[in-house]
Amino acid sequence: MYTLHQYEDSNILATHYAKSFKAQLSRKAKINIALSGGSTPKLLFQHWATHYADSIDWTRLHFYWGDERCVSPKDEQSNYKMTQDLLLQHLHIPKANIHRIKGEKDPQKEAQRYSKEILKHVPLKNGLPQFDLILLGMGSDGHTASIFPHQMDLLEAPTICAVATHPDSGQKRITLTGPVLNNAQKVAFLITGASKQKVLSSILHEKRGWRQYPTAHIRPVGRLSYHLDKAALTGK
Ligand code: 6PG
């Protein structure tokens, strides 16, 4: 089961999601959130930084990433850099709350190190770390985090993190694996843009071939929600 929320455009989506995020924020002293990368979350991050910097106690939040490109944190492709520039530098968050994937390190070693960091900070449930919230996006090929259609085995990987490879560029990525994504208390997909419509429709309506897309296999133990703009729903 999932809830679906549709919005006229990506700005309105970011505004509404930010509002519901604050309204539903747990009162726990420590909330573990894994962020998505790419371009979709940029508007949300900017909205959080502009309108919520002082109205949310960000010190209770620990930030992780669902995936990271194996590049320097200073590289424009870095999900961490994007998040630092648009959000984190504008909030009063202790450095200890920011759990960066070190994209500049050896991928296999970093996947192991990051798995250990998650185990140290994120409580276990069902024998796996359970994030309070995982924000995810979806590529036009149906990938999510850095689980791509040519690496469906990552959906069942026995490790917390794994090294993935972008199918076109060959770029190495570190990604959370399917079991961890599916162990989350909440997974929220933010999906925008006409290029996502075909795959998104296939997944939501379980059309022929829908199982080939990694996003289709994200069925968390907790709550699943899709936050979509009109373009992603209609292709226009
Ligand atoms: C990444 C993301 C990735 C992203 C999708 C959608 O590192 O690129 O984590 O999974 O969410 O590719 O990207 P857009 O939001 O740019 O369409």
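Coordinates for the structure precede this section.
This one's a predicted model, so the numbers in the text were calculated from it and none came from an experiment.

A.B. asks: Describe the overall build of the chain, and please don't skip the residues or the numbers.
C.D. replies: Looking only at helices and strands, the chain has seven helices and 11 strands in total. For a compact globule of 236 residues, the expected C-alpha radius of gyration is about 18 Å, and the chain comes in at 16 Å, within 12% of that figure. Partitioning the intrachain contacts of the chain with sequence separation of at least 6 by distance along the chain shows that 74% fall at a separation of at least 24. For the chain, the computed accessible surface area is about 11000 Å², with 51% contributed by carbon and sulfur atoms. Charge-centre separation for the chain: the mean point of 31 positive side chains lies 4 Å from the mean point of 20 negative side chains.

A.B. asks: Account for the site of the ligand, with residues named and values stated.
C.D. replies: Looking at the ligand, there are 15 residues lining it, with Ser-39, Thr-40, Asp-67, Ala-145 and Lys-196 nearest. Note that an oxygen atom of the ligand is positioned 2.6 Å from one of the side-chain N or O atoms of Thr-40. Here an oxygen atom of the ligand and a side-chain polar atom of Asn-79 are 2.9 Å apart. Within the complex, 88% of the 410 Å² of free accessible area of the ligand lies under protein.

A.B. asks: Quick rundown of the packing of aromatic side chains? Include the residues and the values.
C.D. replies: Per the counting criterion, the structure on display carries 10 aromatic pairs. Measuring from ring centre to ring centre gives 6.0 Å for Phe-45 and Trp-48, while their planes differ by 10°; the resulting arrangement is stacked. With Phe-45 and Trp-48 both in helix α2 (residues 40-51), this residue pair falls three residues apart, about one helical turn. Each member of the pair Phe-45 and Trp-48 is classed as buried. Put simply, the rings of Tyr-17, Phe-21, Phe-45, Trp-48, Trp-58 and Phe-63 touch in pairs and so form one group of aromatic residues. Above the face of the Tyr-80 ring, Arg-100 is positioned so that its terminal group lies 5.5 Å from the ring centre.

A.B. asks: Give me the nonpolar core: which residues, what numbers.
C.D. replies: Tyr-17, Phe-21, Trp-48 and Trp-58 are the most contacted members of the largest nonpolar core, which totals 73 residues. With residues near it in sequence (within four places) discarded, Tyr-17 still touches Leu-44, Trp-48, Leu-133, Leu-135, Ala-188, Leu-190 and His-227.

A.B. asks: Outline the side chain of Gln-151, listing residues and values.
C.D. replies: Positionally, Gln-151 belongs in the loop between β7 (133-136) and β8 (161-165). Not counting the four nearest positions on each side in its chain, Gln-151 is found in contact with Ala-164 and Thr-165.

A.B. asks: Any details on helix α4 (residues 107-121)? Residues and values, ideally.
C.D. replies: Taking 1.5 Å of rise per residue, the 15 residues of α4 would be expected to cover 21 Å, and the 21 Å separating its terminal C-alpha atoms lies within 8% of that figure. Every buried residue of α4 is accounted for by Glu-110, Ala-111, Tyr-114, Ser-115, Glu-117 and Ile-118. Along the axis of α4, the buried residues cluster in a sector spanning 160°; they form a single face. For α4, the exposed residues set more than 90 degrees away from the buried face come down to Lys-109, Lys-116 and Lys-120.

A.B. asks: Describe the pattern of salt bridges, listing the residues and the values that go with them.
C.D. replies: Taken as a whole, this structure holds nine salt bridges when the rule is applied. For the salt bridge of Arg-113 with Glu-110, the shortest nitrogen-to-oxygen distance reads 2.7 Å. Taken together, the residues span about one helical turn, with Arg-113 and Glu-110 both in helix α4 at a distance of three residues. A relative accessible area of 25% means that Arg-113 is categorised as partly exposed. Classification of Glu-110 by relative accessible area gives buried; the value is 2%.

Rules used throughout
Residues numbered from 1 in each chain as written. Predicted model: local features only at pLDDT ≥ 70, side-chain atom pairs only at ≥ 80, totals over all residues. Heavy atoms only, no water. Helix = DSSP H or I, 4+ residues; strand = E, 2+ residues; numbered from the N terminus. Rg over C-alpha atoms; globule rule 2.2 N^0.38 Å. Contact = heavy atoms within 4.5 Å. Areas by Shrake-Rupley, 256 points an atom, 1.4 Å probe, with all protein chains shown as cover. Lys, Arg positive; Asp, Glu negative; His and termini not counted. Charge placed at Lys NZ, Arg CZ, Asp CG, Glu CD. Near = heavy atom within 4 Å. Polar contact = N/O pair within 3.5 Å; in protein donor to acceptor, adjacent residues only side chain to side chain. Phe/Tyr/Trp six-rings, centres within 6.5 Å; stacked < 30°, edge-to-face > 60°. Buried < 20%, exposed > 50% of the residue type's maximum accessible area, 1.4 Å probe, protein only. Lys NZ or Arg CZ within 6 Å of the ring centre and 35° of its normal. Core = buried A, V, L, I, M, F, W, Y, C linked by side-chain atoms within 4.5 Å. Expected span 1.5 Å × (residues − 1). Arc of directions from axis to C-beta. Salt bridge = Lys/Arg side-chain N within 4 Å of Asp/Glu carboxyl O.

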